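Take a look at the letters that make up each chain.
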Amino acid sequence: TENLNFISYFVPSMLGLSVMQVGIFAAIPLVADREKLILKRLAATPLRRWQLVGSNVLMRLLIALVQAVIIIGVGVLAFGVEVTGSIGAVGAFVVLGALAFLALGYVVASFAGTEDAANGITSVVQFPMMFLSGTFFPIDEMPDVLQGIARAIPLTYLSDALRQVMVGGAAFAPLWLCAAVLAGWLVV
């Protein structure tokens, strides 16, 4: 990093981590509703599927944005983190990241048959991303094999983009590549 102190590195990383969790953990209540036949009952109402999914996505996006405000606010007010980039760009990456991780959460929900299975699968997806994405320490400090894995993880690109925009951290990848990878995960 470009002479960043630990907290300046850590705040954007924690923001990325919280956005990831908002999206991936969407799988658990979705599977629980399916398991309890709530989704089947909702299908019998005039509520259209796109309205149900859209409301869930909107709720998760709002949660991600509120978390972003809180995390950035605490970082600035309590720890003196200086946000050097555009708040609009931070918001755009939070929304793009939340959508990408929501899509991943929905994929997990489609494979999980029970709520317990969804809990297990989300843990299997989440933990490697947490520790291999550069959230807690720079990717350059990892062995080469783990650096290769980090290049495939969407949280790597979200945290890197947030770090570049918020505090001007050294880039792991250019911002356009970070946006493209997150968009790719969203589409896939």
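So, here is what we can say about the structure in this document. Quantities reported herein were computed from a predicted structural model and do not represent experimental measurements.

The next thing to look at is the overall build of the chain. For the chain, the count of helices and strands is nine helices and zero strands. Start at the N end of the chain and walk to the C end: the helices and strands fall as α-α-α-α-α-α-α-α-α. The C-alpha radius of gyration computed for the chain amounts to 17 Å, which stays within 12% of the reference 16 Å derived for 188 residues, consistent with globular compactness. For the chain, the C-alpha atoms occupy an extent of roughly 55 × 35 × 30 Å along the three principal directions. By residue count, 41% of the 188 residues in the chain fall in the buried class. Contacts in the chain between residues at least 24 apart in sequence constitute 76% of all its contacts with a sequence separation of at least 6. Accessible surface, the chain as shown: approximately 9,500 Å² in total, 69% of it carbon and sulfur. If the 9 positive side-chain charges of the chain are averaged to one point and the 10 negative ones to another, these points end up 20 Å apart.

This part covers the layout of surface pockets. Its boundaries defined by the atoms lining it, the largest pocket holds a volume of some 410 Å³. Lining the largest pocket are 18 residues, and of these Leu30, Leu39, Arg49, Leu52 and Val53 sit closest to its centre. Looking at the lining of the largest pocket, the elements with two or more residues in it are α2 (27-35), α3 (38-43), α4 (49-79) and α5 (87-111). If one sorts the elements of the lining of the largest pocket by residue count, α4 sits on top with six residues.

Looking at where Ser13 falls in the secondary structure, it is placed in helix α1 (residues 6-24). By relative accessible area, Ser13 is classed as buried at 0%. Here Arg163 takes part through its side chain, which lies 2.7 Å from a polar atom of the side chain of Ser13. With residues near it in sequence (within four places) discarded, Ser13 still touches Gly134, Thr135, Ser159 and Arg163.

This part is about the packing of α1 against α4. Closest axis-to-axis distance for the α1/α4 pair is 9 Å, and the angle between their directions is 165°. The angle between the axes of α1 and α4 places the two elements in the roughly antiparallel class. Considering how the two elements wind past one another, α1 and α4 form a crossing that is right-handed. On α4, the residues touching Ile7, Val11, Met14, Leu15, Ser18, Val19 and Val22 of α1 are Arg60, Ile63, Ala64, Gln67, Ala68, Ile71, Ile72, Gly75 and Phe79.

Attention shifts here to unusual backbone geometry. Most peptide bonds are trans, and most residues other than glycine sit at a negative phi. Positive phi is not limited to glycine here, since Leu37 has a value of about 65°. Note on placement: Leu37 falls in the loop between α2 and α3.

Parameters at a glance
- Residues numbered from 1 in each chain as written.
- Predicted model: local features only at pLDDT ≥ 70, side-chain atom pairs only at ≥ 80, totals over all residues.
- Heavy atoms only, no water.
- Helix = DSSP H or I, 4+ residues; strand = E, 2+ residues; numbered from the N terminus.
- Rg over C-alpha atoms; globule rule 2.2 N^0.38 Å.
- Buried < 20%, exposed > 50% of the residue type's maximum accessible area, 1.4 Å probe, protein only.
- Contact = heavy atoms within 4.5 Å.
- Areas by Shrake-Rupley, 256 points an atom, 1.4 Å probe, with all protein chains shown as cover.
- Lys, Arg positive; Asp, Glu negative; His and termini not counted.
- Charge placed at Lys NZ, Arg CZ, Asp CG, Glu CD.
- 1 Å grid on protein atoms, 1.4 Å probe; cavity = no way out; pocket = protein on both sides within 12 Å on 5 of 7 lines; lining within 4 Å.
- Points joined across faces, edges and corners; volume = space filled by probe spheres on them.
- Polar contact = N/O pair within 3.5 Å; in protein donor to acceptor, adjacent residues only side chain to side chain.
- Axes fitted to C-alpha atoms, helices over the stretch in contact; angles between N-to-C directions.
- Parallel < 35°, antiparallel > 145°, perpendicular 65-115°, else oblique.
- Left-handed = near helix turned anticlockwise from the far one by under 90°.

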